[in-house]
Amino acid sequence: MTDVVAAPDLLAPQPEVRAGRRVGIARLRSLLGTIPFFAYVVIFLVIPTLVVVIGAFTEDGRFSLSNLSALGDGYIVEAFGRSIVLSASTAVVGAVLGALLAYALVTAKPGGLLRRVVTAASGVLAQFGGVTLAFAFLATIGLTGFVTVFLKDHLGIDLYANGVWLFELPGLVLVYTYFQIPLMVIVFLPALDGIRPQWREATESLGGTTWQYWTRVAGPLLAPAFLGSTLLLFANAFSAYATAAALVSQGNPIVPLQIRSALTSEVVLGQQNLGKAMALGMVVVVAIVMTLYALLQRRTSRWLG
Amino acid sequence: MAGLIARRARRQRTFRWIVVILLGVFFALPLIAMVEFTTRDGGDTWKLLVDWPKLSDTYPDLATGIVASLGQAALTALLMLVLLVPTAVWVRLRLPGLRRLVEFICLLPLTIPAIVLVVGLAPVYAWVNYFLGGSSLTLTFAYTILVLPYAYRSIDTGLSAIDVKTLAEAARSLGASWGAVMWKVVLPNIRTAVLSAAFLTVALVLGEFTIASLLHRDNLQVAIELLGKSSATMSVAVSFAALVLAFVLLLLLSLFGERRRKAAR
Amino acid sequence: MTGVAVHLNDLRRSFGALHALDGLDLAIQPGELVALLGPSGCGKTTALRVLAGLEDSDSGRVLVDGKDITGLPANRRDMGMVFQAYSLFPHLTALQNVEFGLKLRGRKTTAGRANEMLELVGIGGFAARYPQQLSGGQQQRVALARALAIQPKVLLLDEPLSALDAKVRVQLRDEIKRIQVEVGTTTLFVTHDQEEALAVADRVGVMRAGQLEQLAAPAEIYLKPATAFVADFVGLSNRLPGRLTDGGVEVFGSTLPLVTPATGGPGVTALVRPESVDVTPAADGTGKVLTTSFLGPTSRVTVEVGETLVIAQIASGRVSELAPGTPVRVELRPVPVALEA
């Protein structure tokens, strides 16, 4: 069993700490109180992360870069490409439509019914992912779905005349948008709330038109928040697994599904570590995106906080 | 007399309603479709769903999944509270230097997708199986990690709002022990935050699929996916019920939060 | 540059049952600084915002330099505005904020004039700083520079000092006056602080419930209040029972002239300023000292005269002879007073 890692740096500089034995013992006792938390986190978060990182660089029990180079294989690169296209497109569509909806909310009465209902609904729908969402769309535009049947019977339109796209990338784009838009509303609304009415009024009294207000004041002020939120949506879509797993039964077009196949594959031994390499690749992408998001958030809170 | 400001307000209102209605239709459609889809058989599916004994007979895997998920939700909420609340308060009061570290750790799961975590969890869970058996309830350990960012943010906001440091200092100056401070002073004042964290936990656990599926355990979402292969109608019905449940949970949470805020005024 | 005349004619604005503006008539002379003073909800801010074009009026006209601009949108009115808070754009430096209006008008070289304006308001060295790096007082200076940079016809100040510390407030209001005189722009200054209004304005307009109670020079507002509301709102007033006579009103044995001749009575309430009340120790005096309050250069003495409480304001040097309990004689100087309605 893994050893419990010692509590974090006891020597971390504390401005109030004086070099007295009594104080030292008291602090040790304080640190003791955090041991359960840190022990738990180490076992179930740090170690799995290490397993992935170390496993990515291991082949047959020895250090090797073969897994990483295998990432350059055609089908894996394509999977990453498709993942990125899926995430980017749903992020942009979700960001634009979500921003429009959020702007509509912000022009409404602050405590009014419209805003409260839409915000609550967004909270629920943003979490509404995975299997349940996939089945919801099956019921809507699946082969026997409500809309599919309606279009065929009443308007003579066959949605799937050119193939069943619902179970491929285009289908994923449509379904992902369903939780991307509400997520954008939740994440972007606080930034919109930070726009003070005085800035619009100041622009007007200085002679600015509506266009000038949006291009010179509100636009620049909201740009970091908009960009950051889009990045968050990208990371969200990139990490999603359940929805795709439920919808896509043939092939593994995106990276999370490739990882699934690597984990459950019994065909080729050593696929396990390839899965870890792919997982590492995912973490790197998401970590970069989240870091950029955090930096943009700081700018936003400085201006609109 | 030109009501320029009034005209602009009217334009905004038109825009507002157009956007809300268009997007509202987009979002309502799947929900309507789910209801339509599941009532094509005249309501038999729904009658079966609410009849628990019959449901467990007809779809034993679904019943197992539902029970497993409820158990996981309860245990995860419990573990999260037991682990996170004391630590968050403790760090605030006694170890402010560690606050950044704890915050970083709690936000880390946001950067590590579930699909990645499960890859690394497989060997850890081999040990868990060895010590605790292969029950689905052991997923609690993994779920509490997933829940950390949301639960921590909720509790942290609650602690900030009540200025826990001042309260603790006041209590200590009146002679309270650290235990009394936690139990009698801090906890009663962060009830909303704790409840909110618990609700978020339950919502997340009920919606979790990735880890349960890839660690080969039972769970509501896994059961629904399996069910989809045999009975599309029932699987859609259960999905809809799960969504409504999540919505009700969130509504209760926001109502409860508002009532406390009004009472505090 | 010389300023322009501003006229607000019979402005009305209601929000449901609330009349924010109830037939407001105001004429501002070219180059003048008029302060609108009044309690919250009296309509002073609404009046300013209607003038700015940021709010509609239900009826009435707004004239600037003889032209009716009532229907003109805010961005074509050529006015400069300073807000109480959040005036500046956070993503621009102080210099860029001041240049903003100039750039909107398509001017290419704006830095020169912008720097000139920053110097005028006294913060020339802070051009490269962002609003978050400036104190409240500095931000308001930049806001003023920005408003003046476009050489507006009218300068509008909406409680510009209310969000600042007391000391900064006093400092900045003197600066605003100095700058306004130097630039000569017609200015409307809204405030709820009477000391501020009296200190800065050429004329003060006291407002209540959407109407002007009195519009006059500060000294006149203070010494010759036209209504009881003005007498009570501006400065402290004692409410003393009196009797109407031929020469005015008789209070505590002295006859005081009236600001406006009154009818009715004979019993009335006179509004007497504390500094018109003189208090001298006298063994046979009708009054008794209750408390004294040291305020620095002057002190306030509360005296009980029969059933009435009278507040007098005297030089602090004399306070030592007025310990609580001392019998005193209360005399009122023959300064014109107003009567409570």
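Remember, it's a predicted structure, so these values are computed and weren't measured experimentally.

Novice: Looking at this structure, I do not really get the overall build of chain A. What am I missing?
Specialist: Check the secondary structure of chain A and you find 13 helices and 2 strands. For a compact globule of 305 residues, the expected C-alpha radius of gyration is about 19 Å, and chain A comes in at 25 Å, more than 25% above that figure. Principal-axis analysis of the C-alpha atoms gives chain A an extent of 75 × 65 × 35 Å. Taken over 305 residues, chain A has a buried fraction of 43%. Contacts in chain A between residues at least 24 apart in sequence constitute 76% of all its contacts with a sequence separation of at least 6.

Novice: Help me out: how do you make sense of the overall build of chain B in this one?
Specialist: Scanning chain B from terminus to terminus reveals 13 helices and 0 strands. The order of α-helices and β-strands along chain B, N terminus first, is α-α-α-α-α-α-α-α-α-α-α-α-α. Computed over the C-alpha atoms, the radius of gyration of chain B is 23 Å, more than 25% above the 18 Å expected from 2.2 N^0.38 for a compact globule of 265 residues. When the backbone C-alpha atoms are referred to their principal axes, chain B occupies close to 80 × 70 × 35 Å. Within chain B, the fraction of its 265 residues that count as buried is 41%.

Novice: Looking at this structure, I do not really get the domain arrangement of chain A. What am I missing?
Specialist: A common measure of how large an interface is: the accessible area buried when the components associate. All names here are of chain A. Splitting chain A by domain gives domain 1 (2-63) and domain 2 (70-304). Here the C-alpha centroids of domain 1 and domain 2 sit 35 Å apart. Contact with domain 1, which involves 6 residues of that partner, is made by 5 residues of domain 2. Of all the elements in the fold, those that place two or more residues in the side of domain 1 that touches domain 2 are helix H2 (35-56) and strand E1 (58-59).

Novice: Hey, could you run me through the interface of chain A and chain B in this one?
Specialist: Contact residues are listed per partner, giving 63 residues for chain A and 63 residues for chain B. Counted by class, the side of chain A that touches chain B contains 46 nonpolar, 15 polar and 2 charged residues.

Novice: What is the right way to look at the sheet that holds strand E6 (residues 79-82) of chain C in this model?
Specialist: Strands pair in a sheet through their backbones, by hydrogen bonds, and they do so in one of two ways: parallel or antiparallel. All names here are of chain C. An order of E6-E7-E8-E3-E9-E10 is seen for the 6 strands of this open sheet, with the pairing classed as mixed. Two strands bound the open sheet, and with one partner strand each, they are E6 and strand E10 (211-216). The average angle at which neighbouring strand axes cross in this sheet is 20 degrees, direction not considered. Where strand E3 (residues 33-37) and strand E8 (residues 186-191) come together, 5 bridges link them in parallel fashion. Across the sheet, valine 34 pairs through a bridge with leucine 188, a residue of E8. Lying on the sheet, helix H4 (residues 136-149) is in contact with E6 and strand E7 (154-158); it crosses E6 at an angle near 175 degrees.

Novice: What is the right way to read the pairing of strand E9 (residues 203-208) of chain C from this model?
Specialist: The two faces of a sheet get side chains in turn, since along a regular strand they alternate between them. Residues and elements named next belong to chain C. For E9, a buried count of 5 out of 6 residues is recorded, marking the element as mostly surrounded by other parts of the structure. Strand direction decides the pairing type here: E3 and E9, joined by 4 bridges, are parallel. If you follow valine 34 over to E9, its bridge partner there is arginine 203. Here E9 folds back onto E10 in antiparallel fashion, the turn holding 2 residues, of which alanine 209 has a positive phi close to 50 degrees.

Novice: Quick question: what am I supposed to make of the domain arrangement of chain B here?
Specialist: All names here are of chain B. Segmenting chain B into domains produces domain 1 (2-38) and domain 2 (47-264). Centre-to-centre separation of domain 1 and domain 2, based on C-alpha positions: 34 Å. Between domain 1 and domain 2, the contact holds 4 residues from the first and 5 residues from the second. Here the side of domain 1 that touches domain 2 is composed, by residue class, of 3 nonpolar, 1 polar and no charged.

Novice: Explanation requested: the packing of helix H2 (residues 94-104) of chain C against H4 of chain C in the structure shown.
Specialist: Two quantities define a packed helix pair, namely the angle between the helix axes and the distance between the axes. Residues and elements named next belong to chain C. Where H2 meets H4, the closest approach of the two axes is 7 Å, and the angle between their N-to-C directions is 25 degrees. Regarding the angle of H2 to H4, the classification is roughly parallel. For the pair H2 and H4, the sense of crossing is right-handed. Residues Ala94, Asn97, Val98, Phe100, Gly101 and Leu102 of H2 form the contact with H4, whose own contacting residues are Val142, Ala145, Arg146 and Ala149.

Novice: Would you take a moment to explain the interface of chain C and chain B for this structure?
Specialist: Taken together, the contact pairs 6 residues of chain C with 6 residues of chain B. Here the residues of the side of chain C that touches chain B sort into 1 nonpolar, 3 polar and 2 charged.

Novice: Where do I start with the environment of tryptophan 90 of chain B in this structure?
Specialist: Among the secondary structure elements, tryptophan 90 of chain B is positioned in helix H4 (residues 60-94). Under the C-beta neighbour-count criterion, tryptophan 90 of chain B is labelled buried, with 20 such atoms within 10 Å. Setting aside chain neighbours within four positions, we find tryptophan 90 of chain B in contact with Gly33 and Thr34 of chain A together with Leu95 of chain B.

Novice: Looking at this model, I keep getting lost on helix H6 (residues 114-132) of chain B. Mind explaining?
Specialist: Residues spaced three or four apart along an α-helix face the same direction, because each turn holds 3.6 residues. All names here are of chain B. Compared with the 27 Å implied by 1.5 Å per residue over 19 residues, the 22 Å span of H6 between its first and last C-alpha is markedly short. Within H6, the axis deviates most sharply at alanine 122, by approximately 45 degrees, and proline proline 123 lies no more than four positions further along. Of all the residues in H6, the buried ones are Ala114, Ile115, Val116, Leu117, Val118, Val119, Gly120, Leu121, Tyr125 and Val128. Glycine 133 sits one or two positions beyond H6 and adopts a positive phi of about 85 degrees.

Novice: How should the environment of alanine 231 of chain C be read in this particular structure?
Specialist: All names here are of chain C. Positionally, alanine 231 belongs in helix H8 (residues 228-233). Judged by C-beta crowding, with 27 C-beta atoms within 10 Å, alanine 231 ranks as buried. Separated by 72 residues in sequence, alanine 231 and valine 303 have C-alpha atoms that sit 21 Å apart. Filtering out sequence-adjacent residues up to four positions away, alanine 231 remains in contact with Pro225, Ser237, Leu271 and Ala338.

Novice: So what exactly am I meant to see when it comes to the sheet that holds strand E18 (residues 308-315) of chain C here?
Specialist: Residues and elements named next belong to chain C. The sheet built from 5 strands is open, its strands ordered E15-E19-E16-E17-E18 with antiparallel pairing. With partners counted over all chains shown, the strands left at the sheet margins are strand E15 (277-281) and E18, one partner each. Ignoring strand direction, the axes of neighbouring strands in this sheet form an average angle of 40 degrees. With 8 bridges connecting them, strand E17 (residues 298-305) and E18 associate as antiparallel partners. Pairing of valine 303 across the sheet is with valine 310, part of E18.

Novice: Where do I start with the confidence of the model for chain A in this structure?
Specialist: Keep in mind that low pLDDT regions are not for reading the predicted coordinates in detail. Scored by pLDDT, chain A has a mean of 84; 90% of the residues are at 70 or more. In this model, residues 1-13 of chain A is a region of pLDDT below 50 whose contacts with residues beyond four sequence positions or in other chains number 14 contacts.

Novice: Sorry, what's going on with the pairing of strand E1 (residues 6-15) of chain C here?
Specialist: All names here are of chain C. Across 5 bridges, the pairing between E1 and strand E4 (residues 59-64) is antiparallel. Across the sheet, residue asparagine 9 finds its bridge partner in E4, namely arginine 61. Here E1 pairs with strand E2 (residues 18-28) via 8 bridges, running antiparallel. Note that in E2 the partner of valine 6 across the bridge is isoleucine 28.

Novice: What's the story with helix H3 (residues 111-120) of chain C in this structure? I'm lost.
Specialist: Residues and elements named next belong to chain C. By the burial criterion, the buried members of H3 are Ala114, Met117 and Leu118. Projected onto a plane normal to the axis of H3, the buried residues spread over an arc of 100 degrees and lie on a single side. Residues of H3 that are buried sit in contact with H2 and H4. Just downstream of H3, glycine 122 is the residue with a positive phi angle, here 90 degrees.

Novice: What should I look at first to understand the packing of helix H4 (residues 74-106) of chain A against helix H1 (residues 4-38) of chain B in this one?
Specialist: Packing of H4 of chain A against H1 of chain B leaves a shortest axis separation of 9 Å and a crossing angle of 130 degrees. The orientation of H4 of chain A with respect to H1 of chain B, classified from their angle, is oblique. For the crossing formed where H4 of chain A meets H1 of chain B, the hand is left-handed. Listed contacts from H1 of chain B to Leu97, Leu100, Leu101 and Ala104 of chain A of H4 of chain A are Phe15, Arg16, Val19, Val20 and Leu23 of chain B. Here the residues of the contact of H4 of chain A with H1 of chain B sort into 8 nonpolar, no polar and 1 charged.

Rules of the game
- Note on numbering: residues in each chain are counted from 1, in written sequence order.
- Chain A is the first chain written and ligand 1 is the first ligand written, with later ones labelled in order.
- Only residues with pLDDT of 70 or above have their local features reported here, since the model is predicted, and side-chain atom pairs are shown and tallied only from 80 upward, although totals for entire chains, interfaces and linings are computed over all residues.
- Runs of H or I in DSSP of at least four residues are treated as helices and runs of E of at least two as strands, each being numbered from the N terminus.
- In this setup the radius of gyration rests on C-alpha atoms only. A globule is expected at 2.2 Å times the number of residues raised to 0.38.
- Put plainly, a residue is buried at 20 or more neighbouring C-beta atoms within 10 Å of its own, exposed at 12 or fewer, and partly exposed in between, counting only other residues' C-beta atoms, which are placed from the backbone.
- Residue pairs are scored as contacts if the distance between their C-beta atoms, which are placed from the backbone, is within 7 Å.
- Note that the domain bounds were set by an automatic or database domain assignment.
- For this classification, Asp, Glu, Lys and Arg are treated as charged, while Ala, Val, Leu, Ile, Met, Phe, Trp, Tyr, Cys and Pro are nonpolar and the rest, including Gly, are polar.
- Any two strands are treated as partners once DSSP identifies two or more bridges connecting them.
- With axes taken as lines fitted to C-alpha atoms, and helix axes fitted only over the stretch in contact, angles between N-to-C directions fall between 0 and 180 degrees.
- Between 65 and 115 degrees an angle is taken as roughly perpendicular, under 35 as roughly parallel, over 145 as roughly antiparallel, and anywhere else as oblique.
- Each crossing gets its hand from how the near helix is turned against the far one by less than a right angle, where anticlockwise is left-handed and clockwise is right-handed.
- To estimate the expected span of a helix, count its residues, drop one, and scale the result by 1.5 Å.
- Two axes enter the definition of the bend at a residue: one is fitted to the seven residues ending there, the other to the seven starting there, and the bend is the angle between them.
- A residue's pLDDT is simply how confident the predictor is in it, with values from 0 to 100.
- Think of the arc as the fan of directions from the helix axis to the C-beta atoms.

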